[in-house]
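Structural overview for review
Here is what each chain is made of, one letter per residue.
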Amino acid sequence: MAQLLKRLETDESHINGSDTSWILVSAALVFIMSPGVGYFYSGMARSKNAVSMVFLCMVAMSVVSVQWMIWGYSLALSDTATNPFIGNLTYGLMLKVDNKAHTNAPTIPGSVYAIFQCMFAALTPALAIGGAAERVRVFPMIIFCFIWTTIVYDPIAYWSWAPNGWMAKMGELDYAGGTPVHIASGFAALAFSIVLGKRKGFGEEKFQPHNYLNIILGTALLWFGWFGFNGGSAVASNGRAGMAAAVTHIAACMGGLTWSVVAYFRNGFKFSSFHFCSGAVAGLVAITPGSGFVTPWAALVFGAVGGVACHFAVDLKEKLRFDDALDVFAVHGVGGIVGNLLTGIFASKSIAALNGSDIDGGWIDHHWKQFGYQLAGSCAGAAWSFGITVILIYIFKIIPGLNLRIHEEGEISGADISEMGEHGYKYATMEPVAGNIGRGSTLSVLEQGGIHQISDGSSITNSVEKTGITNT
């Protein structure tokens, strides 16, 4: 009896163990996406920046998780705030987060919902960092992520998902983060690429991914995590969660295939693992806002249109001369907008009803206004993220020690060395050593800063990065 009374006092009677278990698993799946983004970006970057890209994504996750505990969760998802723009501090320091359920997730403890949503917040600035790749300092970026999450991500998340957020009350449909995650990160990356300026050599040399295996690994981790990202957004283990997982996978497959085929005809009739991976991520981005609202056949459209739109959006950086180093704007910014607008067309009452939800649907249910709601939400999220990010970068420029742009020498040597003092790779090579010519070769370990001789003889330094084994 005492245990029963205690359970009633802590408001546990409505908690569903199955739902709770699924959302805890989903939180872990979304966590995996942060290192997934890191490996994806690491492979796309040049080798002298490989470690720093993974590190920045993991650090962003850590910084935002602390911010989330202090006030982020309350600002982004307070269910007691009455204004349409930003939450209050009811859940500050997570002091009142316990077994009591959040309004958005009535069958799981508030603590479970909080950690699940934390992973979304932690992923978003990690995505945006790709726009500043190969030319950003680590320490200022740590501070930037904390502030950016507070004044960019948190308000947009509140607009979209909080009970009194203005976009949610207007009727915009965003199941898993088309605007707060993808549009916000994509347009922040655009701001980075424009305000920070181009990388040294942009337009003069062709930057190529240095490690396609890292790209494939990162894509696999992202794809795996997206089952929790979208499937977990049902905040319950039910048919709607299953449908969200199904359309997520279908859109990713279709996006990868579509991008690959288009690139095949545009790039000398050769397939590329990089093109397939980019297309798969584009499909995943596009389906995100509609994943809990659309049918499997519609997911084919999301994947195909997302893959094609994002593929051609990559060309914009060459035409408009901005250095979006890792195509974050093209994939997440454009892909997020495409997904939002397609949700306005293909959102179905029948899919929402799988867990008892009631919506007016999109154009397929003759609800013509929905497209306008989706467009309004997309434009608001894009404008807020881009504008505030630009202002923040300029403020950081004038504060001593916080300029985000790496110095020229550091960019040439690579962020791994200049910012972290670490090498992503070491290579064993056979090199001739001064004073030893004609007597054979000397084994040396080549790092990104030069050659470090192992055997006896005069030392040799070389600033050229080596990537192979040479027997002389």
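For the structure, see preceding data.
Residues numbered from 1 in each chain as written. Predicted model: local features only at pLDDT ≥ 70, side-chain atom pairs only at ≥ 80, totals over all residues. Heavy atoms only, no water.

**Observations regarding the overall build of the chain**
Our working definition: Under the DSSP-based scheme used, a helix requires at least four consecutive residues in state H or I and a strand at least two consecutive residues in state E, with every element numbered from the N terminus. Any pair of residues with heavy atoms lying within 4.5 Å of one another is described as a contacting pair. Note that accessible areas follow from Shrake-Rupley with a 1.4 Å probe, and for residues the cover is restricted to the protein chains shown.
The helix and strand inventory of the chain stands at 17 helices and three strands. In the chain, 74% of the contacts between residues at least 6 apart in sequence involve partners at least 24 apart. Accessible surface, the chain as shown: approximately 18,700 Å² in total, 65% of it carbon and sulfur.

**Quick look at the packing of helix α10 (residues 273–287) against helix α11 (residues 296–313)**
Worth spelling out the cut-off: Only the stretch in contact is used when fitting a helix axis, every axis being a line fitted to C-alpha atoms; angles between N-to-C directions are given from 0 to 180 degrees. For classification, angles of less than 35 degrees are called roughly parallel, those exceeding 145 degrees roughly antiparallel, those between 65 and 115 degrees roughly perpendicular, and all remaining angles oblique. Should the near helix be turned anticlockwise from the far one by less than a right angle, the crossing is termed left-handed; should it be turned clockwise, right-handed. Residue type decides the class: Asp, Glu, Lys and Arg count as charged, Ala, Val, Leu, Ile, Met, Phe, Trp, Tyr, Cys and Pro as nonpolar, and the leftover types, Gly among them, as polar.
Two numbers describe how α10 lies on α11: the axes approach to 8 Å, and their chain directions differ by 120°. On the basis of their axis angle, the class for α10 and α11 is oblique. α10 and α11 meet at a crossing whose hand is right-handed. Across the interface between the two elements, A282, G283, A286 and I287 of α10 pack against A299, F302, G303, G306, G307 and C310 of α11. Grouping the constituent residues of the contact of α10 with α11 by class yields six nonpolar, four polar and no charged.

**Some details on the pattern of salt bridges**
Convention followed: For salt bridges, the criterion is a side-chain nitrogen of Lys or Arg within 4 Å of an Asp or Glu carboxyl oxygen. Categorising residues by exposure relies on relative accessible area from a 1.4 Å probe, with only protein chains included: less than 20% of the type maximum marks a residue as buried, more than 50% marks it as exposed, and the intermediate range marks it as partly exposed.
Throughout the structure, instances matching the rule amount to eight salt bridges. With a shortest N-O distance of 2.9 Å, E134 and R46 are connected by a salt bridge. One end of the pair, E134, is in the loop between α4 (110–128) and α5 (138–161); the other, R46, is in the loop between α2 (17–44) and α3 (50–77), with 88 residues separating them in the sequence. Its relative accessible area of 4% is what places E134 among the buried residues. Given a relative accessible area of 17%, R46 falls into the buried group. Of the charged contacts in the structure, one is a salt bridge between E134 and R199, with a shortest N-O distance of 2.8 Å. Residue E134 is located in the loop between α4 and α5, and its partner R199 is located in the loop between α7 (178–195) and α8 (212–231); the two are separated by 65 residues in the primary sequence. What you see here is one network of salt bridges that share partners, running through R46, E134, R135, R199 and D323.

**Details of the environment of V314**
Here V314 is to be found in the loop between α11 and α12 (316–320). Taking the C-alpha atoms as reference, V314 lies 8.8 Å from D324; in sequence the two are 10 residues apart. In contact with V314, other than residues within four places in its own chain, are W259, D327 and A330.

**As for the packing of aromatic side chains**
Applicable threshold: Two aromatic rings from Phe, Tyr or Trp, using only the six-membered ring of Trp, form a pair when their centres are within 6.5 Å; if the ring planes differ by under 30 degrees the pair is stacked, by over 60 it is edge-to-face, and anything between is tilted.
Taken as a whole and assessed by the stated rule, the structure comprises 26 aromatic pairs. For the ring pair F120 and W161, a centre distance of 6.2 Å and an interplane angle of 90° mean the geometry is edge-to-face. Remark: W161 occurs in helix α5 and F120 occurs in helix α4; sequence separation between them is 41 residues. Each member of the pair F120 and W161 is classed as buried. Seen from their ring centres, W159 and W384 are 5.8 Å apart, and the 65° between their planes marks the pair as edge-to-face. Taken together, the residues W159 in helix α5 and W384 in helix α15 (residues 369–398) connect sequence positions 225 residues apart. Among the residues examined, W159 registers a relative accessible area of 4% and is labelled buried. Overall, W384 belongs to the partly exposed group, its relative accessible area being 26%. An aromatic cluster of at least three residues, connected via ring pairs, comprises F116, F120, W161, W226 and F229.

**So, the nonpolar core**
Nonpolar side chains in soluble globular proteins tend to end up buried together. Put simply, the test is: Only buried residues count toward a nonpolar core. Its members are Ala, Val, Leu, Ile, Met, Phe, Trp, Tyr and Cys residues joined through side-chain atoms within 4.5 Å.
One finds Y41, M141, F144, Y153, F192, F229 and L404 to be the most contacted residues of the largest nonpolar core, which totals 123 residues. Considering every element that reaches this core, the biggest residue donor is α4, with 13 residues. Contacts of Y153, omitting those with residues within four sequence positions, involve W68, F120, A121, T124, W148, W161, P180 and V181.

**So, unusual backbone geometry**
When glycine is set aside, most residues are seen to have a negative phi, and most peptide bonds are trans. Non-glycine residue E134 carries a positive phi angle of around 75°. Of note in the backbone geometry, F269 takes a positive phi value of approximately 55° without being a glycine.

**Describing the environment of S185**
Assignment of secondary structure puts S185 in helix α7. A residue is classified by how much of its surface remains accessible, and S185, at 0% relative accessible area, is buried. Remark: the alpha-carbon pair of S185 and G381, spanning 196 residues in sequence, is separated by 9.9 Å. For S185, the residues in contact, after removing those within four places along its chain, are T124, L127, A128, V328 and H332.

**Describing the packing of helix α9 (residues 239–266) against α11**
In the contact formed by α9 and α11, the axes pass within 7 Å of each other and the chain directions differ by 40°. The angle between α9 and α11 places the two elements in the oblique class. Of the two elements, α9 crosses α11, and the hand of that crossing is right-handed. Facing α9, whose interface residues are M243, V247, I250, A251, M254, G255, T258, W259, V262, A263 and R266, α11 presents P296, A299, L300, G303, A304, G307, V308, C310, H311 and F312. The residue makeup of the contact of α9 with α11, split by class, is 15 nonpolar, five polar and one charged.

**Some details on a nonpolar patch on the surface**
Rules: In this scheme, patches are assembled from residues that exceed 30% relative accessible area and form no salt bridge. Like charges are connected within 9 Å, while nonpolar side chains (Val, Leu, Ile, Met, Phe, Trp, Tyr) are connected within 5 Å.
Taken together, the side chains of V261, F265, F269 and F271 present a nonpolar region at the surface, about 470 Å² in accessible area. Mapped onto the elements, F269 comes out in the loop between α9 and α10.

**Side note on α10**
The line we're drawing: Multiply 1.5 Å by the residue count of a helix minus one, and that product is the helix's expected span. N or O atoms closer than or at 3.5 Å make up a polar contact, with two conditions inside protein: a donor-capable atom paired with an acceptor-capable one, and, for residues adjacent in sequence, both atoms drawn from side chains.
Its 15 residues place the ends of α10 21 Å apart at the C-alpha level, agreeing with the 21 Å of an ideal helix rising 1.5 Å per residue. The buried count for α10 comes to 13 of 15 residues, which makes it a mostly enclosed element. Between a side-chain oxygen at the N-terminus of α10 and the backbone nitrogen of F274 the separation is 3.1 Å; the capping residue is S272.

**Here's the deal with the side chain of S42**
Within the secondary structure, S42 is located in helix α2. Beyond its immediate sequence surroundings of up to four residues, S42 is in contact with A50, M53, V54, H210 and N214.

**Comments concerning α4**
Helix length check: α4 (19 residues) gives 28 Å between terminal C-alpha atoms against 27 Å at 1.5 Å per residue, within 8%. Taking burial as the measure, the 19 residues of α4 include 17 buried ones, the bulk of the element.

**Examining the environment of A121**
Mapped onto the elements, A121 comes out in helix α4. In this structure A121 comes out as buried when scored by relative accessible area, which is 0%. Separated by 53 residues in sequence, A121 and W68 place their C-alpha atoms 7.8 Å apart. If we skip the residues at most four places from it in the chain, A121 touches V64, W68 and Y153.

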